[in-house]
There are 2 protein chains.
Amino acid sequence: MKIIIDAMGGDNAPLEFLKGGLRAARECQVDVVLVGRVAELLELMKQQGIETLPKGVELMDAEDVVDMHDDPATVHKKRKNSSMVLGLKLLADGGGDAFVSAGSTGALLSAATLVVKRVRGIRRAAFGPTLPTKTGNLVLIDAGANAECSPEFLLQFGCMGSFYAKKALGLESPRVGLLNNGAEDSKGDELHKAAYTLLRDAGERGVIQFVGNVEARDAMLGACDVLVADGFSGNVMLKSIEGTAMFMGSLIKRMFLKNWKTKLGYLLLKDGVKELTGMLDYNKVGGTMLLGICKPVIKAHGSSNADAVVGAVRQAVAAVESGICQDIRDHVAEMTLPKEEPHA
Amino acid sequence: MKIIIDAMGGDNAPLEFLKGGLRAARECQVDVVLVGRVAELLELMKQQGIETLPKGVELMDAEDVVDMHDDPATVHKKRKNSSMVLGLKLLADGGGDAFVSAGSTGALLSAATLVVKRVRGIRRAAFGPTLPTKTGNLVLIDAGANAECSPEFLLQFGCMGSFYAKKALGLESPRVGLLNNGAEDSKGDELHKAAYTLLRDAGERGVIQFVGNVEARDAMLGACDVLVADGFSGNVMLKSIEGTAMFMGSLIKRMFLKNWKTKLGYLLLKDGVKELTGMLDYNKVGGTMLLGICKPVIKAHGSSNADAVVGAVRQAVAAVESGICQDIRDHVAEMTLPKEEPHA
């Protein structure tokens, strides 16, 4: 198996991506292609005391880098020699099995869609990060790829999320909920009411196990395994969780620093505190798969360090092994509205 | 000053509302009218060992109660003898200065709009709860009253939220942000792009201090004092914060219960932990004001106990004293689009 890594995207590129890539090749026992400015990468390797490329590691030259300010829609043209676009081309051409990048989310979504292409019949690719909850894990889909959605997009997010949860969380029949502003059937705006009907029908056809509307609070407490969201409110939820966790983390820190008694308390609780803050540290999670693209594309967190890169590569390996992309391809007819695709 | 309390709404009605109402009259030095089934209230009083009504406390009979399953839109007609509707009528008729209820949110919003009426020119009333953040407090408006919004609604939420933050948080020039899926100017769907323009213009006219698009995470870390949201994503944010706080609370509890060392740690940290969990316990906050209604209407949390009732009454008193409703009335022209109100 060969994993392609964008060595130039993210706040800590290229050093942490070089380090992470080299470690991933060793630890995950896969071949790795690092795409970026080769001269710079070789220089960094030398600084790290590595004279020759380890077995299974290749470098591929890309003179350009996608910038956070680039317009996502035109990156595939205007930055065609960037590490992101060349890496995606390599994936599309069969030069690797999956692609990992910590570059601009919008650019990655757009370039992956245009270069690697969506699965035929899938209307939009979506981000489906796995979040910890009180009772287990939750796939939140879409977490921000699509600010504007149609009811059919949400149906497809629910089905893709369900397949993904089967593979990634090992669940036989994931409980799929619709993120809404109340649990009652009639809740939400027009989009969510229409999506509710489509998801309920998919549930009745046995395509997914639909558990109805779910409020964000109840999802965090374990009410479902997959939470379907339009990309706007999915993003609001993801960022609210992140912000609350950071805020509470600062409160916990303040609590421990109060006086000698609390500092002693900290010493007794050190391991537990690390576990607690680590659980909600999205940097350590690794990455988020872009579901609906023909081949596995993993978005790593923008502030990824070498650990996070290894985590993202692990996730890429798992995605390849699981056959999730083929799964979505095989079942696309079940999640497509007949009216909008009359030739299906 | 006279505060009207719906004694029958909420999970712990009527006992906690009776207790809270009696305490509030004493502690806040205001007159209180408890609206509900008088026979039941008198019986409960007797059980509490109170034989006569304390000075400044009145009971007003209402034979009916609004149910959580009632259709909010028709409550004012179908439940016209309910404690909620009769309490609102009393407020509208000048029989009190503010109204507090822990009953159904949707019903309260609808009945307050129809019975007490919106300020002339205000398109929709909105919920604006005050949430703790890393650096202070945040007014989130709208937190769930309006699932579907127009750009003008969001403009008005921003202006009303700003007036409210001046009064409630004592800020001279509150920083108003727009909840969006990114901080860049161009972010969001059509609604948020249009709302951005309106809010920016209001900022340029000096009506508010607009600080641009704000992500949920940054708002939790203190990026603004007022966060403008459509009611759908505002609700998602509110519930995500609540769910994350509850989830983290359970993790903290688990951490303390691990072994004798961690239990000892808990003893050393007890006060700090209570402070921490209390800070994110929405039951203790009291209530949320319904902004845009002619007179102060406060929604108390559905699971309010007597403490929360006292908190909500305090908030009602502060709302009356601040003159926030008059403030909104005086400035409504600045937050109304001329095209939609040609006679203005």
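One can find the structure itself at the top, above this paragraph.
Engineer: Looking at this structure, I do not really get the interface of chain B and chain A. What am I missing?
Structural biologist: You'll often see interface size given as the accessible area lost when the parts meet. The partner chain A presents 52 residues to the 52 residues of chain B that form the contact. Here chain B packs against chain A, burying approximately 4800 Å² in sum over the two surfaces, 75% of which is carbon and sulfur. Among the residues of chain B in contact with chain A, F232, F247 and L268 of chain B are the three that bury the most area, contributing 15% of the side total. Between the two partners, chain B and chain A, sit four salt bridges. Taking the shortest distance from any N to any O, the salt bridge between E215 of chain B and K239 of chain A comes out at 2.1 Å. For the interface between chain B and chain A, the tally reads six residue pairs in polar contact (both at pLDDT 80 or more). Looking at the side of chain B that touches chain A, the elements that each hand over two or more residues are α7 (190–204), α8 (216–220), α9 (231–256) and α10 (260–279) of chain B. Ranked by residue count, the leading element in the side of chain B that touches chain A is α9 of chain B, at 21 residues. Class assignment of the residues belonging to the side of chain B that touches chain A gives a composition of 25 nonpolar, 14 polar and 13 charged.

Engineer: Please clarify how the sheet that holds strand β4 (residues 98–101) of chain B should be interpreted in this entry.
Structural biologist: The strands that make up a sheet are held in pairs by hydrogen bonds between backbone atoms, and each pair lies either parallel or antiparallel. All names here are of chain B. The sheet built from seven strands is open, its strands ordered β3-β2-β1-β4-β12-β11-β5 with mixed pairing. Of all the strands in the sheet, the pair left with one neighbour each is β3 (57–61) and β5 (126–127). Looking at chain direction, strand β1 (residues 2–6) and β4 are connected through three bridges and run parallel. Within β4, the residue paired with I4 across the bridge is F99.

Engineer: How do you make sense of the relation of the copies chain B and chain A when you look at a structure like this?
Structural biologist: One copy of the chain maps onto the other through a rotation about an axis plus a displacement along that axis. Note on the identical chains: chain B maps onto chain A by a rotation of 180 degrees and an axial translation of 0.0 Å, with an RMSD of 0.1 Å. Put plainly, the chains are arranged around a two-fold axis. Measuring from the rotation axis to each C-alpha of chain B, the shortest distance belongs to G265 of chain B, at 2.1 Å. In this assembly, 100% of the residues forming the interface of chain B have copies in chain A that are likewise at the interface, indicating an isologous arrangement.

Engineer: Hey, could you run me through the environment of V211 of chain A in this one?
Structural biologist: All names here are of chain A. When you line up the elements, V211 lands in strand β9 (residues 209–214). On the accessibility criterion, V211 (37% relative accessible area) is partly exposed. Put simply, V211 and K274 are 63 residues apart on the chain and 34 Å apart in space, counted from C-alpha to C-alpha.

Engineer: Got a minute to help me understand the pairing of strand β3 (residues 57–61) of chain A in this structure?
Structural biologist: The side chains of a regular strand alternate, residue by residue, between the two faces of the sheet. Residue and element names in this part refer to chain A. As defined by bridge partners, strand β2 (residues 31–36) adjoins β3 across five bridges and the pair is classed as parallel. Paired with V33 across the strands is E58, a residue of β3. In this fold, the crossover linking β2 to β3 by way of helix α2 (residues 38–47) has right-handed handedness.

Engineer: Sorry, what's going on with the side chain of S110 of chain B here?
Structural biologist: Residues and elements named next belong to chain B. You can see S110 is positioned in helix α5 (residues 105–116). A distance of 2.9 Å separates the side chain of S110 from the backbone oxygen of P72, its partner in a polar contact. In contact with S110, not counting residues within four places along its chain, are P72 and A73.

Engineer: Is there a simple way to explain helix α4 (residues 83–92) of chain B in this structure?
Structural biologist: One turn of the α-helix equals 3.6 residues, which is why residues spaced by three or four share an orientation. For α4 of chain B, a buried count of seven out of 10 residues is recorded, marking the element as mostly surrounded by other parts of the structure. Of the residues flanking the end of α4 of chain B, it is G94 of chain B, one or two places downstream, whose phi is positive at about 85 degrees.

Engineer: What is the right way to look at the sheet that holds strand β10 (residues 226–228) of chain B in this model?
Structural biologist: Residue and element names in this part refer to chain B. A sheet is described by the order of its strands in space; here five strands give the open sequence β6-β7-β10-β8-β9, paired in mixed fashion. Of all the strands in the sheet, just β6 (130–132) and β9 (209–214) have a single pairing partner and so form its edges. In this sheet, neighbouring strand axes are inclined to one another by 30 degrees on average, regardless of whether the strands run parallel or antiparallel. For strand β7 (residues 137–141) and β10, the ladder comprises three bridges, and the chain directions are parallel. Following the sheet pairing, V139 is matched in β10 by V226. Packing of α9 onto the sheet brings it into contact with β6, β7, β8 (175–179) and β10, and relative to β7 it is tilted by some 140 degrees.

Engineer: I'm lost on the packing of helix α9 (residues 231–256) of chain A against helix α10 (residues 260–279) of chain A in this one. Help?
Structural biologist: The geometry of a pair of packed helices is captured by two quantities: the angle between their axes and the separation between those axes. Residue and element names in this part refer to chain A. It is at 10 Å that the axes of α9 and α10 come closest, and there the two elements cross at 155 degrees. Judged on the interaxial angle alone, α10 and α9 are roughly antiparallel. The segment α9 lies against α10, with I252, M255 and F256 engaging T262, K263, G265, Y266, L269, V273 and L276. Residue composition of the contact of α9 with α10, by class: seven nonpolar, two polar and one charged.

Rules behind the numbers
Residues numbered from 1 in each chain as written. Chains lettered and ligands numbered in written order. Predicted model: local features only at pLDDT ≥ 70, side-chain atom pairs only at ≥ 80, totals over all residues. Heavy atoms only, no water. Contact = heavy atoms within 4.5 Å. Buried area = accessible area lost by both parts, 1.4 Å probe. Salt bridge = Lys/Arg side-chain N within 4 Å of Asp/Glu carboxyl O. Polar contact = N/O pair within 3.5 Å; in protein donor to acceptor, adjacent residues only side chain to side chain. Helix = DSSP H or I, 4+ residues; strand = E, 2+ residues; numbered from the N terminus. Nonpolar A, V, L, I, M, F, W, Y, C, P; charged D, E, K, R; others polar. Pairing = 2+ DSSP bridges. Least-squares fit on C-alpha atoms with pLDDT ≥ 70 in both. Buried < 20%, exposed > 50% of the residue type's maximum accessible area, 1.4 Å probe, protein only. Right-handed = clockwise from strand over helix to strand, strands pointing away. Axes fitted to C-alpha atoms, helices over the stretch in contact; angles between N-to-C directions. Parallel < 35°, antiparallel > 145°, perpendicular 65-115°, else oblique.

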